[in-house]
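# Structural characterization, general
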Amino acid sequence: MKQARTLPGPALHADADAVAAGPSLALPALRPLRGRLLIALAVVVGTVLVGVSQGSADIPFTTVVRILASKTLGLGHATWPETWEEIVWQIRLPRVLLAGLVGATLAFSGAGYQGVLRNPLADPYLIGVAAGAGLGATIIMVSPLPYAFGTVGLLPPAAFAGAVLAVAISYGLARSGGVAPAVTLILAGVAVSAAASAAMSFLIMANHERAVTVVSWLLGGFNTATWQRVGIVLPYSLVGGAGVLASTRLLNVLQLDEEEAQQLGVPVERVKLLVIIAASLATAAAVSVSGLIGFVGLIVPHTVRLLWGFDYRRLVPMSMAAGAVFLILADVAARTVLSPSEVPVGVVTALCGAPFFLWLLRRNRPGGSPGGRALF
Amino acid sequence: MLEIRDLCVDYGGPPVLRGVSLDVAAGEVVGLVGPNGSGKTTLVRAVTRVVPARSGEVRILGDDSRALKRAVLARRVAVVPQNPALPEGFTVLEMVLMGRTPHLGLLQSEGPPDLAAARRALAEAGATALGSRFANQLSGGERQQVVIARALAQEAPVLLLDEPTSHLDVGHQTAVMGLVRRLCRERGLAVLATIHDLTLAALYCDRLVLLHRGAVVAEGAPESVLRPDLVASTYGAQVTVLRHPISGRPVVVPLPPEADPSVTGDARPTGLSSRFGGDGAREGEA
């Protein structure tokens, strides 16, 4: 596909050498990114350790680290009770990893949706994922079907199918003549979501004895986390994340205007479709195991924008890290604040995240640089 | 460089372009003039395939534009849009680097050659000093320089400008048109610019094409296109055409309101319907 990088014809290199020999050839957007990414990765790992060390059983931090080291790297030998290892490895670690994975997924999907829909209110739930997943899960929960056949849960596939179907219907309705304009897509998504939500409400009312079960699923949480669920989400998150990451430079160009982006050679509809598919599949997988955790997909990308600027090549990877850290910490709060009972994690994300975001928003507004780059 | 043959475009309604044919050769600036709604912007959009052509063809460097991939098309045709979008949070250099998009593969990021091209384009547009400013904080003239620099960074042999001077004062108007003309000569670009100001068009363009209701009604040297009768029948404006004291090019001056139209010969306004009426009314609203 790659063609010659310069066209024959006009002579372009009149003063090329003079300009190119300037002192700074560093690409402004990319140089600081590697360092920041390493720091972000270290923060994520640190947050995972903190997350794993918190819980109702009082296990010392150093022991937690040694248990993890022994399980992953085979270092040292067990000087701790078997139950501690069980708690750390089978209960806490999958829960923390699932929270991190879901947080990262919601955040990069939100950034991707905001990018292709060019709408600051876009989040990964906007064009049908949430309502579709909710309806799919509700149908299973109110039906006489068992939740699982053997070890295969019915709830996640039903939620996943509902989410994917709803997005596909929204996109299908919005597309005509080979294009799906962003505004039409949002409107179609809102309409499809409204219909699915209405159906879901009806099912809940008609089966009100199941209402608490359904609502607690909808609020979302990680109390059912297992390694198996981590395994379910991981491939979707990896593929979806790779899809959105691959599109980041074009997402920048898309911020101009769809027409200008086309005139700059961007196959706009294909990029839009790629990002929507990648973000929707990953989000569908995430909500299928964790329920509808609100706020993360909307606010994390905005927070990252305020802190590190609007360039999607920074925004998407930093959103992944920030989303993971945020949701791990929110889940720690959710299971420790009212221990031994749990607060729904969606309540924690909104209660803690909203004030922080508002503070950031006000702090950055008057006279601040629009990219907010001076902050860190 | 750019050959347009019998181009017809509609937006699913009445035709906006009705069989337009024109050529732009390397090293010449062609001015596209015509009243609001005559199809000028639509022509620019059709050449870049942002809107599909109903019939006719556009050939760029000899190839049918419909057969070209979007990236290839963007390596051959660069556009300076009428109302450029200036997204929040991007610096001028980053904006100009976006001009390198058609030269990059999906997973490729800009390398030193692209940065060099962007800096060269900034220098040529006289905007080097703006490089680290945020693009959405620029004045109208600076904005135009930046968008021209972005188009130059595309390194395309055909340059389309849609109303490059419409929001600018006279100093910036002449600076932008002078820049375009100089680049055209130095680089051998084929330039097609839509221009509202007829005097400015006459001064800076080698040829003019007068579009009315989606069709070419006159084409040629500025003095042959900017005749009072043609301006009256297309724009519905009573004008007199003087000679520029230095360049000898036509200068189009509106008549004072009390003047007798018969003074200028056969000038007759065609009435409001031609200015505000249906056919190409969608053009220019973007």
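Calculation rules
- Residues numbered from 1 in each chain as written.
- Chains lettered and ligands numbered in written order.
- Predicted model: local features only at pLDDT ≥ 70, side-chain atom pairs only at ≥ 80, totals over all residues.
- Helix = DSSP H or I, 4+ residues; strand = E, 2+ residues; numbered from the N terminus.
- Rg over C-alpha atoms; globule rule 2.2 N^0.38 Å.
- Buried ≥ 20, exposed ≤ 12 C-beta atoms within 10 Å, placed from the backbone.
- Contact = placed C-beta atoms within 7 Å.
- pLDDT = per-residue confidence, 0-100.
- Axes fitted to C-alpha atoms, helices over the stretch in contact; angles between N-to-C directions.
- Parallel < 35°, antiparallel > 145°, perpendicular 65-115°, else oblique.
- Left-handed = near helix turned anticlockwise from the far one by under 90°.
- Nonpolar A, V, L, I, M, F, W, Y, C, P; charged D, E, K, R; others polar.
- Pairing = 2+ DSSP bridges.
- Core = buried A, V, L, I, M, F, W, Y, C linked by C-beta atoms within 7 Å.
- Arc of directions from axis to C-beta.

Secondary structure summary: chain B contains ten helices and twelve strands in total. In terms of overall size, chain B behaves like a compact globule, its C-alpha atoms giving a radius of gyration of 19 Å where 286 residues would be expected to give roughly 19 Å. Overall size of chain B, expressed as C-alpha extent along the three principal axes, is 65 × 40 × 35 Å. Within the span of chain B, comprising 286 residues, buried residues form 51% of the whole. Restricting the contact set of chain B to residue pairs at least 6 apart, pairs at least 24 apart contribute 68%.

A separate point is the overall build of chain A. Scanning chain A from terminus to terminus reveals 15 helices and two strands. The buried share of chain A, taken over its 376 residues, is 49%. Once local pairs closer than 6 in sequence are excluded, the contacts in chain A between residues at least 24 apart make up 76%.

This paragraph deals with the confidence of the model for chain A. Here chain A averages 84 in pLDDT, while 86% of its residues score no lower than 70. Segment residues 366-376 of chain A: pLDDT under 50, and 16 contacts once partners within four positions in sequence are set aside and those in other chains are kept.

On to the packing of helix H4 (residues 112-124) of chain B against helix H5 (residues 140-153) of chain B. Between two packed helices, what matters for the description is the angle formed by their axes and the separation of those axes. Residue and element names in this part refer to chain B. Packing of H4 against H5 brings their axes to within 8 Å, and their N-to-C directions diverge by 135°. Between H4 and H5, the crossing angle belongs to the class labelled oblique. The handedness of the crossing between H4 and H5 comes out as right-handed. Where H4 approaches H5, its residues Ala117, Ala118, Ala121, Leu122 and Glu124 are matched on the opposing element by Ala149, Leu152 and Ala153. In terms of residue class, the contact of H4 with H5 is built from seven nonpolar, no polar and one charged.

So, about the sheet that holds strand S2 (residues 15-24) of chain B. Residue and element names in this part refer to chain B. The strand order across the open sheet built from four strands is S2-S1-S4-S5, with neighbouring strands paired in antiparallel fashion. Each edge of the open sheet carries a strand with a single partner, namely S2 and strand S5 (63-64). Across five bridges, strand S1 (residues 2-10) lies against strand S4 (residues 55-60) in antiparallel orientation. Across the sheet, Leu2 pairs through a bridge with Ile60, a residue of S4. Set on the sheet, helix H1 (residues 40-47) makes contact with S1, S2 and S4; between it and S2 the angle comes to about 70°.

All names here are of chain B. With respect to topology, six strands assemble into an open sheet ordered S6-S7-S8-S3-S9-S10, the strand pairing being mixed. The open sheet has two edge strands, strand S6 (77-80) and strand S10 (215-220), and neither has a second partner. If you compare each strand with its neighbour and ignore which way they point, the axes differ by 20° on average. Where H5 meets the sheet, its contacts fall on S6 and strand S7 (158-162), and the angle it forms with S6 comes to roughly 175°.

Grouped together as the largest cluster of nonpolar side chains are 199 residues, with contacts concentrated most on Val96 and Val191 of chain B. Look past the residues within four positions of Val191 of chain B in its chain and what remains in contact with it is Val29, Val30, Leu159, Leu161, Val180 and Cys184 of chain B.

The next subject is the environment of Thr47 of chain A. Residues and elements named next belong to chain A. For Thr47, the location among the structural elements is in helix H2 (residues 31-53). Along the backbone, Thr47 and Val96 are 49 residues apart, and their C-alpha atoms lie at a distance of 9.1 Å. Excluding residues that lie within four positions of it along the chain, Thr47 makes contacts with Val325, Ile328 and Leu329.

This part is about helix H8 (residues 211-219) of chain A. Think of an α-helix as 3.6 residues a turn; residues three or four steps apart then line up on the same face. Residue and element names in this part refer to chain A. Of all the residues in H8, the buried ones are Val214, Trp217 and Leu218. Projected down its long axis, H8 shows its buried positions confined to an angular sector of 100°, all on one face. Where H8 is buried, its residues meet helix H5 (129-142) and helix H7 (182-206). Where H8 terminates, the next one or two residues include Gly220, which has phi positive at roughly 85°.

So, about the environment of Thr48 of chain B. By secondary structure assignment, the location of Thr48 of chain B is in the loop between H1 and S4. Put simply, Thr48 of chain B and Met1 of chain B are 47 residues apart on the chain and 14 Å apart in space, counted from C-alpha to C-alpha.

On to the pairing of S4 of chain B. All names here are of chain B. The pairing of S4 with S5 spans two bridges and is antiparallel. Bridge pairing links Arg59 to Asp64 in S5. Connecting the antiparallel pair S4 and S5 is a turn made up of two residues, with Leu61 showing a positive phi of about 50°.

Residues and elements named next belong to chain B. Within H1, eight of the eight residues are buried, leaving the element largely enclosed by the surrounding structure. Residues of H1 that are buried include every one of Lys40, Thr41, Thr42, Leu43, Val44, Arg45, Ala46 and Val47, and no others. At the C-terminal side of H1, Arg49 shows a positive phi close to 60°.

Before going further, it helps to examine the packing of helix H6 (residues 155-174) of chain A against H7 of chain A. All names here are of chain A. For the pair H6 and H7, the least separation of the axes is 8 Å and the interaxial angle reads 135°. Accordingly, the angle class assigned to the pair H6 and H7 is oblique. Helix-helix and strand crossings are classified by hand; for H6 and H7 the assignment is right-handed. For the pair H6 and H7, the contacting residues are Ala166, Ile169, Ser170, Tyr171, Leu173 and Ala174 in the first and Thr184, Leu185, Ala188, Gly189, Val192, Ser193 and Ala196 in the second. Partitioned by chemical class, the residues of the contact of H6 with H7 number nine nonpolar, four polar and no charged.

Our focus in this paragraph is the pairing of S2 of chain B. Two strands pair when backbone bridges link them, and S1 of chain B and S2 of chain B are joined in this way by seven bridges, in the antiparallel orientation. Note that in S2 of chain B the partner of Glu3 of chain B across the bridge is Asp23 of chain B.

Let us look at the confidence of the model for chain B. All names here are of chain B. With 90% of its residues at a pLDDT of at least 70, chain B reaches an overall mean of 86. Under a pLDDT of 50 for its full length, residues 264-286 has, in the predicted model, 50 contacts with residues more than four places off or in other chains. We note a pTM of 0.84 for the whole complex and an ipTM of 0.83 for its interfaces.

Residues and elements named next belong to chain A. When you line up the elements, Arg175 lands in the loop between H6 and H7. Owing to 17 C-beta atoms within 10 Å, Arg175 belongs among the partly exposed residues under this scheme. Residues Arg175 and Gly265, 90 residues apart in the sequence, show an inter-C-alpha distance of 21 Å.

Residues and elements named next belong to chain B. Its identity is not glycine, yet Asp6 carries a phi of approximately 50°, on the positive side. Relative to the assigned elements, Asp6 resides in strand S1. According to the C-beta neighbour criterion, Asp6 is partly exposed, with 13 such atoms within 10 Å.

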